[in-house]
Amino acid sequence: MPLPPLTEAHARQIAAQHYGLQVQAQRLPGELDANFLLSAGEERYILKVGNADHDPAELDFQNRALAHLTALPGVPRLIPARSGEEMPIVEHDGQRHFIRLLSYLPGEPLVRCPDRSPELLRGLGAFLARLDQALADFQHPAMERDIPWNLAHAHRVIRPRLHAIPDPVRRRWVERALERFEQQVRPYLPTLRAQVIHNDANDHNVLVAQGQVVGLLDFGDMLHAPLICEVAIAATYALLASPEPLQAAAHLVAGYHQVIPLTTTEVALLDGLIRARLAVSAALSAERALIEPENPYHQISAGPVWAALERLDPVPAEVAHGVFRQACGLPAFPSLAAAPAQPGRDEQTILAARRRYLNPTLSVSYRRPLHMVRGQGQYLYDAEGRAYLDCVNNVCHVGHSHPAVVAALAHQAALLNTNTRYLHEHIITLAERLTAHMPGDLSVWFFVNSGSEANDLALRLVRAYTGRQDMLVLAGAYHGNLSSLIDISPYKFDGPGGAGAPPWVHTLSMPCTYRGRFRHAEDPVAAYVEEAAGIIRQVEEAGRGVAAFIAEALMGTGGQVVFPPGYLAQMYALVRAAGGLCIADEVQIGFGRVGTHFWGFETHGVVPDIVTMGKPMGNGHPLAAVVTTPEIAASFVTGMEYFNTFGGNPVSCAVGLAVLDVIEEQNLQEHARRVGEHLKARLKTLQERHPLIGDVRGSGLFLGVELVRDRETLAPAAGEAQAIVEAMRERGILLSTDGPFHNVLKIKPPLVFNQEDADRLVEELEGVLQEVEQPA
Ligand code: PMP
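What counts, and at which threshold
Residues numbered from 1 in each chain as written. Predicted model: local features only at pLDDT ≥ 70, side-chain atom pairs only at ≥ 80, totals over all residues. Heavy atoms only, no water. Axes fitted to C-alpha atoms, helices over the stretch in contact; angles between N-to-C directions. Helix = DSSP H or I, 4+ residues; strand = E, 2+ residues; numbered from the N terminus. Parallel < 35°, antiparallel > 145°, perpendicular 65-115°, else oblique. Left-handed = near helix turned anticlockwise from the far one by under 90°. Contact = heavy atoms within 4.5 Å. Pairing = 2+ DSSP bridges. Salt bridge = Lys/Arg side-chain N within 4 Å of Asp/Glu carboxyl O. Buried < 20%, exposed > 50% of the residue type's maximum accessible area, 1.4 Å probe, protein only. Near = heavy atom within 4 Å. Polar contact = N/O pair within 3.5 Å; in protein donor to acceptor, adjacent residues only side chain to side chain. Areas by Shrake-Rupley, 256 points an atom, 1.4 Å probe, with all protein chains shown as cover. Nonpolar A, V, L, I, M, F, W, Y, C, P; charged D, E, K, R; others polar.

Points about the packing of helix α5 (residues 168-185) against helix α8 (residues 264-291)
Part 1 of the reasoning: It is the contact of α5 with α8, at a shortest axis distance of 8 Å, that shows an interaxial angle of 135°. On the basis of their axis angle, the class for α5 and α8 is oblique. You can see that α5 and α8 cross each other, and the crossing is left-handed. Residues Val 174, Ala 177, Arg 180, Phe 181, Gln 184 and Val 185 of α5 form the contact with α8, whose own contacting residues are Leu 269, Asp 271, Gly 272, Leu 273, Arg 275, Ala 276, Ala 279 and Ala 282.

In structure tokens, the structure reads:
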């Protein structure tokens, strides 16, 4: 696109005609606009004459941003013309050009400052952070721009240009940066805070005076993106010119962090983003060199980028992450050995060894078992490097191998791991932070290692408090693998190999709105509660009393079962009136997964007496807990100590705290609500087209798709469900089935699962449904 062919004489004329200014004009360099420095005595201005095909919406985006930033020192102001217009139009040679007059900012471009002290770089970080603070509430219809400089989409720029890099060594550097970005950065970006950012703090745009940053120019690359991209882009420019690249970047990061504290996840992604930004520059310049081989400028300008890639390529990601953590005052952690997939035993050998050495009742998922070697975010990778979109592993709640959680674990493991009979701060901080998420009096914590340990302890608390043993449980429920819990899990005792309920365990009908026994009753809640009341009466007639009712608020193994509204509240009232306690099993559904609330029981407006939790709490690390009231906890003080060797150790608690940090910092509960709502709506439209889908239900990112052969009889389509799971696996998507008939597809991905993933899941599922529905 040629620059507007205007001369200095034209610029003087424009200044006089539109701004009433008698000036000297001097042409300045510019990429898209023809720029002039105008001087009238002491007064100076910048005149920008825009290219004829400039998008007016994008220019307006810049103008509104500048107007929004008027109070911020160091940003140019837009000066209206005599007519009052912000962007008068001039005609030249039959072309129309938008013109803008900007105030002149003093200072030298950073590119002319050879001496970049740490203070200067920190100052630049702080300047950008203040700019971003001011832009935080700025919105514009044109802010979502698809330009190559959108770092969040670096992969789209890099991948199609890899072929343009002739040198295989250089191509490997770029490929490694791309792999890193796709696998370790991209999964987390959609969950990060995003806003309008400047997006181009390069050395030509930053103004310096007396060793300090005094201004920033060129708002032409602004867009809406994850905030951390601002830091990564500026840090990339800072390191390009430095003999100590990581240190230079770290100074800038430190300065930014002092004004806008970065989250642990943002810090963890910085290094991958910086490498991606370098790779974008390298790929674009390689492409230009291919198109214009005779122009040596492309080679020269890319020199520092290649040099930086060469310097950074061998630096382990953990080392760079450690440098940025330190810059932000976070404890560094020991370098983790990067764990490339070791060529090891193949699937058949592993299967044979499992048969010989492992628990013979253990099953393997999928007809063609998967050999996973790595995980990141919502993706798992098999030994061949194939990526699988994980829609089912709810344990890795905030993302597989989340870098901030891994960092917290590694740091604490290197420092201290011991038992809870020594004083330690982490366990207390964790208890305080979790209590803040609890309603009522739920404030006394027992930290354990699994959901089963938590539920077993809940049973002991109930017995201590009530002196009773009889339990009310829901058909299809699962509460754990200990003998005490097989006893209260109809899923097990009524399933294959089960011996039925012990005499003190009473199974209530599953209050499922879709398939439940009383779903057609005039008042289903009353019918279910009446059934429970009858059982309580029988227990009492036998001279005993009900100790407790245990239930998940949304049943997991039951098949993502949704209760009719009011059910849980009425059950709690009934059980309490009979002197029993109410236990909420949040092992599967807690920690924000249901989207609208942090805990599943909150969706029913009830407050339990005991809550148990596990799975997501440690993001895969064995960490679980029981919380109860001081009164119930006091009844457990009998002289016998409850001690748990591993429960609540400093490493587990550090992990638990990191998980809470990530949920809060990345706003994952709200993310689960938004993405879950979108996914559920799309699944419901699938249901309209596919008779096999009987029901779509659940909340947030805890959804179930129940498959039936007949929507009247509800005959379960278990074979079809299994076939769908297998076919989806072949398409690189992990799902599984559950429910008493194994006909419910369960969807409970790591919470970083995003809208794009949801769309892909629905599209692939539609393809597979068409295959399965075709008559054989
Ligand atoms: N309760 C519920 C609702 C569960 O889903 C599970 C595990 N599937 C447990 C308890 C037991 O947890 P763990 O496997 O950690 O012992």
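Regarding the side chain of Asn 754
Part 1 of the reasoning: Mapping Asn 754 onto the fold places it in the loop between β28 (744-747) and α24 (755-773).
Part 2 of the reasoning: Beyond its immediate sequence surroundings of up to four residues, Asn 754 is in contact with Pro 190, Gln 378, His 671 and Val 675.

What about the sheet that holds strand β13 (residues 379-382)?
Part 1 of the reasoning: Read from one edge of the open sheet, 4 strands run β12-β13-β14-β26, paired in mixed fashion. Each end of this open sheet is capped by a strand with a single partner; those strands are β12 (372-376) and β26 (733-734).
Part 2 of the reasoning: In terms of strand pairing, strand β14 (residues 387-390) meets β26 through 2 bridges, oriented parallel. Counterpart to Asp 390 in the pairing with β26 is Leu 734.

Points about the pattern of salt bridges
Part 1 of the reasoning: In this structure the tally under the stated criterion is 41 salt bridges.
Part 2 of the reasoning: With a closest N to O distance of 2.7 Å, Arg 193 and Glu 266 form a salt bridge. Taken together, the residues span a long stretch of sequence, with Arg 193 in the loop between α5 and β8 (194-197) and Glu 266 in helix α8 at a distance of 73 residues.
Part 3 of the reasoning: Here Arg 193 falls in the partly exposed class, since its relative accessible area comes to 34%.
Part 4 of the reasoning: A salt bridge links Arg 433 to Asp 661, with the nearest nitrogen and oxygen atoms 2.9 Å apart.

Some words on the sheet that holds strand β7 (residues 108-109)
Part 1 of the reasoning: One open sheet accounts for 3 strands, arranged β7-β9-β10; its pairing is antiparallel. Two strands close off the open sheet at either side, each with one partner strand: β7 and β10 (212-216).
Part 2 of the reasoning: Note that strand β9 (residues 206-209) and β10 share 4 bridges and pair antiparallel. What sits directly across from Val 208, in β10, is Val 213.

Section: the site of the ligand
Part 1 of the reasoning: Close to the ligand lie 13 residues; Gly 451, Ser 452, Asp 585, Gln 588 and Lys 615 are nearest.
Part 2 of the reasoning: Measuring from an oxygen atom of the ligand, one finds a side-chain N or O atom of Ser 452 at 2.5 Å.
Part 3 of the reasoning: Between a nitrogen atom of the ligand and a side-chain N or O atom of Lys 615, the distance comes to 2.9 Å.
Part 4 of the reasoning: Against a free-state accessible area of 390 Å², the protein chains account for coverage of 86% of the ligand.
Part 5 of the reasoning: A per-element tally of the shell around the ligand places helix α15 (residues 451-466) first, with 3 residues.
Part 6 of the reasoning: Residue classes in the shell around the ligand are distributed as 2 nonpolar, 8 polar and 3 charged.

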